[in-house]
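A closer look at the structure
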Amino acid sequence: MLSKVPVAQLRVFEAAGRRNSLQAAAAELHLTPSAVSHAIRKMEQALGVVLFERNGRSLSLSAEGEALMRHVGPAFAELRRGIELVSTRGPQLLRLHSAPSFATQWLTPRLARFLAECPEVEVRLAAGTDYAQFSTDDEYDADIIYGLPRHAGLSVLPLGEETVTPLCAPQFARSIKSPVDLLDHTLIQSDNKQVRWPDWFARNGLAAPPPRGFRFDRSFLAIAVAVDGLGVTLESTLLAEREIADGRLVAPLADRSESIRYVGHHLAFPKCLHQRRSLRLFTGWLMRELKLQHSGAG
């Protein structure tokens, strides 16, 4: 039966089934819509089934078409992965997702370095807290996650230990000599952090005051407000690296209190993509930028 259906027809069927459109499949395959329609009709005749249901200009897979697509779709996805793996011609696409604050505060300011080091890689970056599901071939290659990934079957690289300490604009630092002095200041709250003010005060032998003032759900917002002098934030020195380096934020209690250190971010990707060249280049660069040893992923 396989000899009756050429691979070229299977390719047309896969594109039309994935896109639910003859026109979109034709554009992708550089064919005319009539050529796509003709190939599908010949395939239906060879198999003796109807693969698509046509209602005016709309197109959808029939029950038989859906059954075939469950096999043909993954087969072509695997072929694409194999070709991308060995190909060195043209741009190497890296489809990357990231936690918003890591993307804003740490990654994007450094992307120019990565592109200078690896000019053949084209980066497509998205940021959000709806982390990648890796359920389809055309979603993302990797995700920088705050916390730990919830899905099995992934390679996971911890992105180093972060130090969490109070940070404020320089004009406030003179009045903050010990942890108890923070009780006289507005403490900026970050709602979605693993380490919050109660954790830090407990580490330093004090009870945290009741929350008041500003509350944010993103670290980059809390950092920006602290730079504007509207309070003291409890944040990662990794995420606030630029603001600390140029003097817009200081850590007044860095040597006078106990900071909290933890691994906050991880790079996760499907194990089947481990050898994809664009991902290998990015992973190596990321580890070097973070001054980490790349010893593989679990």
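Let me begin by describing the structure that accompanies this report. For clarity, every value in this text was computed on a predicted model and none was experimentally measured. (Residues numbered from 1 in each chain as written. Predicted model: local features only at pLDDT ≥ 70, side-chain atom pairs only at ≥ 80, totals over all residues. Heavy atoms only, no water.)

**Side note on the environment of leucine 93**
Position of leucine 93 relative to the elements: it lies in strand S3 (residues 92-98). Taking the C-alpha atoms as reference points, leucine 93 and valine 123, 30 residues apart in sequence, are found 6.1 Å from one another. Apart from the residues lying within four places of it in its own chain, the contact partners of leucine 93 are Glu122, Arg124, Asp141 and Ser278. (Helix = DSSP H or I, 4+ residues; strand = E, 2+ residues; numbered from the N terminus. Contact = heavy atoms within 4.5 Å.)

**As for the packing of aromatic side chains**
A full pass over the atoms with the stated rule returns 10 aromatic pairs. Both rings, one in tryptophan 197 and one in phenylalanine 201, keep their centres 5.7 Å apart while their planes meet at 40°; by these two values the pair is tilted. Of the two residues, tryptophan 197 and phenylalanine 201 both sit in helix H8 (residues 197-203), four residues apart, roughly one turn of that helix. Residues tryptophan 197 and phenylalanine 201 agree in their burial class; the two are buried. With 5.3 Å between their ring centres and 85° between their planes, tryptophan 200 and phenylalanine 201 make a pair best called edge-to-face. Given a relative accessible area of 0%, tryptophan 200 falls into the buried group. Since its relative accessible area comes to 0%, phenylalanine 201 is described here as buried. Of the aromatic side chains, those joined through ring pairs into one cluster are Phe102, Trp106, Phe114, Phe282 and Trp285. (Phe/Tyr/Trp six-rings, centres within 6.5 Å; stacked < 30°, edge-to-face > 60°. Buried < 20%, exposed > 50% of the residue type's maximum accessible area, 1.4 Å probe, protein only.)

**Description of the sheet that holds strand S6 (residues 154-158)**
Two pairing modes exist for strands in a sheet, parallel and antiparallel, and in both the strands are linked by backbone hydrogen bonds. Strand order in the open sheet formed by five strands is S4-S3-S5-S12-S6, with mixed pairing between adjacent strands. If you trace the sheet from one side to the other, it starts and ends with strand S4 (121-127) and S6, each paired once. Averaged over all neighbouring strand pairs, the angle between strand axes comes to 20°, with direction disregarded. Across three bridges, S3 lies against strand S5 (residues 142-146) in parallel orientation. Each bridged residue has a counterpart across the sheet, and for histidine 97 the counterpart in S5 is aspartate 143. Strands in contact with helix H11 (residues 277-289) are S3, S4, S5, S6 and strand S12 (265-270); relative to S3, the strand with the most contacts, it is inclined by about 55°. (Pairing = 2+ DSSP bridges. Axes fitted to C-alpha atoms, helices over the stretch in contact; angles between N-to-C directions.)

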